[in-house]
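# Close look at the chain arrangement
Take a look at the letters that make up each chain.
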Amino acid sequence: AQTVTQSQPEMSVQEAETVTLSCTYDTSESNYYLFWYKQPPSRQMILVIRQEAYKQQNATENRFSVNFQKAAKSFSLKISDSQLGDTAMYFCAFMPYTGNQFYFGTGTSLTVIP
Amino acid sequence: DSGVTQTPKHLITATGQRVTLRCSPRSGDLSVYWYQQSLDQGLQFLIQYYNGEERAKGNILERFSAQQFPDLHSELNLSSLELGDSALYFCASSKNGVSEAFFGQGTRLTVV
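These lines cover the structure that appears in this document, whether it is placed above or below. Starting afresh in each chain, residues are numbered from 1 along the sequence in its written order. For naming, the first written chain is A and the first written ligand is 1, with later ones following in the order written. Thresholds applied to this predicted model are a pLDDT of at least 70 for local features of residues and 80 or more for the giving and counting of side-chain atom pairs; totals over whole chains, interfaces and linings are not thresholded and use all residues. Think of the side-chain values as coming from all heavy atoms in the structure, minus any hydrogens and water.

All names here are of chain A. Residues belong to a common nonpolar core when they are buried Ala, Val, Leu, Ile, Met, Phe, Trp, Tyr or Cys residues joined through side-chain atoms within 4.5 Å. Exposure classes here rest on a 1.4 Å probe applied to the protein chains alone. A residue is buried below 20% of its type maximum, exposed above 50%, and partly exposed in between. With 26 residues, the main nonpolar core has Tyr-25, Trp-36, Phe-75, Leu-77, Tyr-90 and Leu-110 as its most contacted residues. Of all the secondary-structure elements, those providing two or more residues to this core are strand S2 (10-14), strand S3 (19-21), strand S5 (32-39), strand S6 (46-52), strand S8 (64-69), strand S9 (74-79), strand S10 (88-96) and strand S12 (108-113). Each helix is a run of H or I in the DSSP string that is no shorter than four residues. Each strand is a run of E no shorter than two, and both are numbered from the N terminus. Counting residues per element, this core draws most heavily on S10, at 4 residues. We call two residues in contact whenever any of their non-hydrogen atoms come within 4.5 Å of each other. In this structure, Leu-110 is in contact with Met-11, Ser-12, Val-13, Val-19, Ile-79, Asp-86, Thr-87, Ala-88 and Tyr-90, ignoring residues within four places of it in sequence.

Opposite the 19 residues of chain A that make contact, chain B presents 22 residues. Defined here as a combined quantity, buried area equals the accessible surface (1.4 Å probe) lost by two parts on assembly, summed across both. Summed over both sides, the interface between chain A and chain B buries roughly 1,700 Å², with carbon and sulfur atoms accounting for 57% of that surface. One side-chain nitrogen of Lys or Arg within 4 Å of one carboxyl oxygen of Asp or Glu is enough to make a salt bridge. Here chain A is connected to chain B by 1 salt bridge. The closest approach of N and O atoms between Arg-50 of chain A and Glu-100 of chain B, which form a salt bridge, is 2.3 Å. Polar contacts here mean pairs of N or O atoms no more than 3.5 Å apart (in protein, one a potential hydrogen donor and the other a potential acceptor; neighbouring residues in sequence count only if both atoms are side-chain atoms). At the junction of chain A and chain B, the tally comes to 7 residue pairs in polar contact (both at pLDDT 80 or more). A per-element tally of the side of chain A that touches chain B places S5 of chain A first, with 4 residues. Each residue belonging to the side of chain A that touches chain B can be placed in one class, and the counts come to 11 nonpolar, 6 polar and 2 charged. Put simply, Ala, Val, Leu, Ile, Met, Phe, Trp, Tyr, Cys and Pro go in the nonpolar bin, Asp, Glu, Lys and Arg in the charged bin, and everything else, Gly too, in the polar bin.

Let us now look at the state of the cysteines. In what follows, a disulfide is any cysteine sulfur pair within 2.5 Å. Across all of its chains, the model carries 2 disulfides over all chains by this definition. Disulfide pairing is shown between Cys-23 of chain A and Cys-92 of chain A; the S-S distance is 2.0 Å. Judged by the torsion about the S-S bond (-70 degrees), the Cys-23 of chain A/Cys-92 of chain A disulfide is left-handed. Here the residue Cys-23 of chain A occupies a position in the loop between S3 and strand S4 (24-26), and Cys-92 of chain A occupies one in strand S10, the gap between them amounting to 69 residues. Just as Cys-23 of chain A is buried, Cys-92 of chain A falls in that class too. In this model Cys-23 of chain B forms its disulfide with Cys-91 of chain B; the gap between the sulfur atoms is 1.8 Å. Its S-S torsion of approximately -50 degrees makes the covalent link between Cys-23 of chain B and Cys-91 of chain B left-handed.

Pairing between side chains of opposite charge can happen when their charged atoms approach one another. Residues and elements named next belong to chain B. By the definition in use, this model includes 10 salt bridges over all chains. The partner of Glu-75 in a salt bridge is Arg-22, with the nearest N and O atoms 3.9 Å apart. Within this pair, whereas Glu-75 is found in strand S8 (residues 74-78), its partner Arg-22 is found in strand S3 (residues 19-24), the two being separated by 53 residues in sequence. Under the relative-accessibility criterion, Arg-22 is labelled partly exposed at 34%. Its salt-bridge partner being Lys-57, residue Glu-54 comes within 4.0 Å of it at the nearest N-O pair. Residue Glu-54 is classed as partly exposed on the basis of its relative accessible area of 44%.

Attention shifts here to the packing of aromatic side chains. Residues and elements named next belong to chain B. Only rings of Phe, Tyr and Trp enter the pairing, Trp through its six-membered ring, and a pair is recorded when the two centres are within 6.5 Å. The plane angle decides the type: under 30 degrees is stacked, over 60 is edge-to-face, the rest tilted. The final tally for this structure, using the stated rule, is 22 aromatic pairs over all chains. With 6.5 Å between their ring centres and 70 degrees between their planes, Phe-64 and Tyr-89 make a pair best called edge-to-face. Note that Phe-64 is positioned in strand S7 (residues 64-68) and Tyr-89 in strand S9 (residues 87-94), a separation of 25 residues in sequence. For Phe-64, a relative accessible area of 6% gives the class buried.

Residue and element names in this part refer to chain A. Of the two faces of S2, only one is covered, namely that formed by Met-11 and Val-13; the face formed by Glu-10, Ser-12 and Gln-14 stays uncovered. When DSSP finds two or more bridges between two strands, those strands count as paired. Bridge analysis of S2 against S12 gives 5 bridges, and the strand direction is parallel. If you follow Gln-14 over to S12, its bridge partner there is Ile-113.

What follows is the structure, given as structure tokens:
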């Protein structure tokens, strides 16, 4: 069975600072995708970044980057230069290459403080 | 705009009733997922379709059913509604079922 754990239910960060959200997962699969989704107060689910497990290089999308540690089954999200619009719930998600479904963590609620 | 369209955006109905939620995936996407998000719970996987066929089933109640049509749009049918079915229902689509998925804005269902 696949599980995704986000151990930080809530976090806050000062505007313009950097914050890291943690995610660990458990799987016996060797090939898979990992994702971070953002859910702002509008409740829309927005893809932030994705990582393929076979790629050693950490994915980066503008101010968002990940630290992917495959052996440790860890996939943290770093947000640099935090902006007020980054205030949202962030979900870590896992999908094996066999597809079928996304496994989501319980989310981390991030508040950016002006 | 993710390109995934869900209708209606809001739905208020009474217990015992039946409703249909509709999802149009992004152009070219063959796979559709349905998720339920309650206020106090995370995202619960309901069901996945790929090119018209059911591919995976999660914690979907027997009162719920879904299908994907030849034009690839999908419908989620919820019957004998209970208060506890009140939630945000998301549809997501992906190109091949093994890649990132893009979510619609959700249908907020309120059962009174």
